[in-house]
Amino acid sequence: MKFTTAFMVSRSDIKLPPVMTIQRIKTTPYSDQLPGTSGLRHKVTTFKQPRYLENFIQSIFDTLGDCNGKILVVGGDGRYYNRTAIQVILKMAAANNFARVLVGQAGILSTPAVSALIRKYSTDGGIILSASHNPGGPTGDFGVKFNNDNGSPAPENLTRSIFARSLEIDRYLISDGPDIDLDQLGETSLENMTVAVIDPVSDYAELMSHLFDFPQIKALFNSGLFSMCFDAMHAVTGPYAVEILEHQLGAQSGTVINAEPLEDFGGGHPDPNLTHARLLVDLMNSGQGAPDFGAASDGDGDRNMILGHNIFVSPSDSLAIMAANAHLIQGYKSGLAGIARSMPTSMAVDRVAEALGIHCYETPTGWKFFGNLLDQRLITLCGEESFGTGSDHIREKDGLWAVLFWLNLIAVRQQSVREIVDQHWARFGRNYYQRHDYENLDKTIAETLMEELRANLAELAGQRFGERQLSQCDDFSYTDPVDHSRSEHQGIRLLFTDGARIVLRLSGTGTEGATLRIYVEHFEPDPTRHHLDPGDVLAPLFAIVNQVTGLEQRFGRTGPDVIT
């Protein structure tokens, strides 16, 4: 028998599909895998410990139950260890019988985009790899967060179950298949699971085009009378902002600065506030020739900062202004069902809700507390003082969405940021407001401070401090109006008879020591007093904080690390 050359092929030249097996790896628990306000966050070095990431991911999968046939979204903000973690998660998802995983190209997906994808494609949840606004790099922070099938961060009952499972886990499942090419769009098989590498921007951009009047915003940019600067802080929002602002809306090339996501965020701190976004702040305050509008977003794209020429719009004021003007925006022209704010957020939006005749809910800090209210259509807008605002379009706060809202508002009203803010204060009054952050404190001392203050709340009520008198002192608790779950110890409130407030709480988003956040607020109805320096107006309230807590003496600090 004679063979043609077409069949004369050595076995060594035949490329057979790799033989993959599912491995069952023995493990022992770690004791520190309790998710905080926004998932599990630690230093990269902690996550790189043997079996650490695997233990937590398997704990999530075990808590979800039978994963056979389920669909998952996976992506992150591009920080160091993002790609490595995604490969581990994909192989573990395959071993746990997931049917399909959607993963962003290059491993990139903003937190708002993950929520949008979960909702659009009806997946069974998503895993977000990010430590949000915390620094990145090999010595920086890393985080893992699970979002529910409605796109919302996992509620407390689920995170408690994940933690409980992490304390007893004795094995994890993982495929020994090859790594997936995250840079190539398309579908690949891993075990019996399909991995779809998708464009991280397109679905999100399409959603934004339905909410906002893109032609109207484009006309604003094309007028030649308006300019802006968006600082992506070398974080995840860069590709989204370039595509939407520059390519689709016609903003001048270079409008988005620091647009390339970097593993260490270019050595910066991707937190869009007056301290860490100094380049943008200085540009907006640079005098004649400064942009008309400035904005920034954080590591994973869920926070925003809004600036005008020589004016910073506090997140609390931004939420209130959005609520008061929502009827002017395409996606919200039918009105608002209600509004919600986190307890430490200023009460500026409460006054708007009252004027609109709708309810304003006060929740603990953490976006997960808005999920039930949104799902039951009790609210349309929600926000936190920590530079986060959002709406019912997804179940996360959304940095670029807030920027587009402001752009659309400017295009409709044909006014500057300052004019919009001044007219809002003239109508509703001004809530002077600041947050002081004391970072990397001794955790034991910080917890002792809070425990002692909590124990003395009854004695504080009724005390006078100069012209001010305390009317109520409590440790804020919240009962969810939908599922009736109870959340205790959500922050200490000192409420004064003149409406002023002091709030103290320990943050759950840091990875080193303790961060004490102090919030103070004073309402000023008199328009002639709306342009005073917030630091001067609020200094007496911060003096009361030190008098009540002995903060400076306890920690040897003369002032906060960050003021916003």
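Right above here is the structure, for reference.
Caption draft 1: Just the pairing of strand β26 (residues 514-524), in detail. Of all the 11 residues making up β26, 10 are buried; the element is thus mostly covered by neighbouring parts of the structure. Taken together, the 6 bridges between strand β25 (residues 501-506) and β26 define a ladder with antiparallel strand orientation. Each bridged residue has a counterpart across the sheet, and for R505 the counterpart in β26 is R517.

Caption draft 2: Spotlight on the nonpolar core. F212, F230, L245, F293, W401, W406 and L407 are the most contacted members of the largest nonpolar core, which has 73 residues in total. For this core, the element with the most residues is helix α13 (residues 399-413), which contributes 11 residues. Judged by nonpolar contacts, the second largest core, of 41 residues, contains C67, V74, A93 and M193.

Caption draft 3: The packing of aromatic side chains, seen in detail. Per the counting criterion, the structure on display carries 15 aromatic pairs. The interplanar angle of 80 degrees and the centroid separation of 5.3 Å between the aromatic rings of Y81 and F142 together place this pair among those described as edge-to-face. Taken together, the residues Y81 in the loop between β3 (71-76) and α3 (82-95) and F142 in strand β6 (residues 141-147) connect sequence positions 61 residues apart. With a relative accessible area of 13%, Y81 lands in the buried category. Put simply, the rings of Y30, F47, Y52, Y81 and F142 touch in pairs and so form one group of aromatic residues. Seen from the ring of F523, R351 lies directly overhead, with NZ or CZ sitting 3.4 Å from the centre.

Caption draft 4: Unusual backbone geometry, seen in detail. Even without being a glycine, R51 presents a positive backbone phi close to 75 degrees. What makes R51 partly exposed here is its relative accessible area of 27%. Even without being a glycine, H484 presents a positive backbone phi close to 65 degrees. For H484, the position within the fold is in the loop between β22 (478-479) and β23 (486-487). For H484, a relative accessible area of 59% puts it in the exposed group.

Caption draft 5: Spatial organisation of the pattern of salt bridges. In total, this model carries 31 salt bridges according to the counting rule given. One salt bridge connects D203 with K120, and the closest N-O pair in it is separated by 2.6 Å. With D203 in helix α6 (residues 202-211) and K120 in helix α4 (residues 111-120), this residue pair connects regions lying 83 residues apart in the sequence. The buried category is assigned to D203, whose relative accessible area is 16%. Here R341 makes a salt bridge to E362, at a shortest N to O gap of 3.3 Å. Of this pair, R341 sits in strand β15 (residues 339-342) while E362 is found in strand β16 (residues 360-363), placing the two residues 21 residues apart along the sequence. Residue R341 is classed as buried on the basis of its relative accessible area of 1%. Here the salt bridges do not stand alone but share partners, grouping R341, D350, E362, D474, R493, R501 and E521 into one network.

Rules used in this analysis
Residues numbered from 1 in each chain as written. Predicted model: local features only at pLDDT ≥ 70, side-chain atom pairs only at ≥ 80, totals over all residues. Heavy atoms only, no water. Buried < 20%, exposed > 50% of the residue type's maximum accessible area, 1.4 Å probe, protein only. Helix = DSSP H or I, 4+ residues; strand = E, 2+ residues; numbered from the N terminus. Pairing = 2+ DSSP bridges. Core = buried A, V, L, I, M, F, W, Y, C linked by side-chain atoms within 4.5 Å. Phe/Tyr/Trp six-rings, centres within 6.5 Å; stacked < 30°, edge-to-face > 60°. Lys NZ or Arg CZ within 6 Å of the ring centre and 35° of its normal. Salt bridge = Lys/Arg side-chain N within 4 Å of Asp/Glu carboxyl O.

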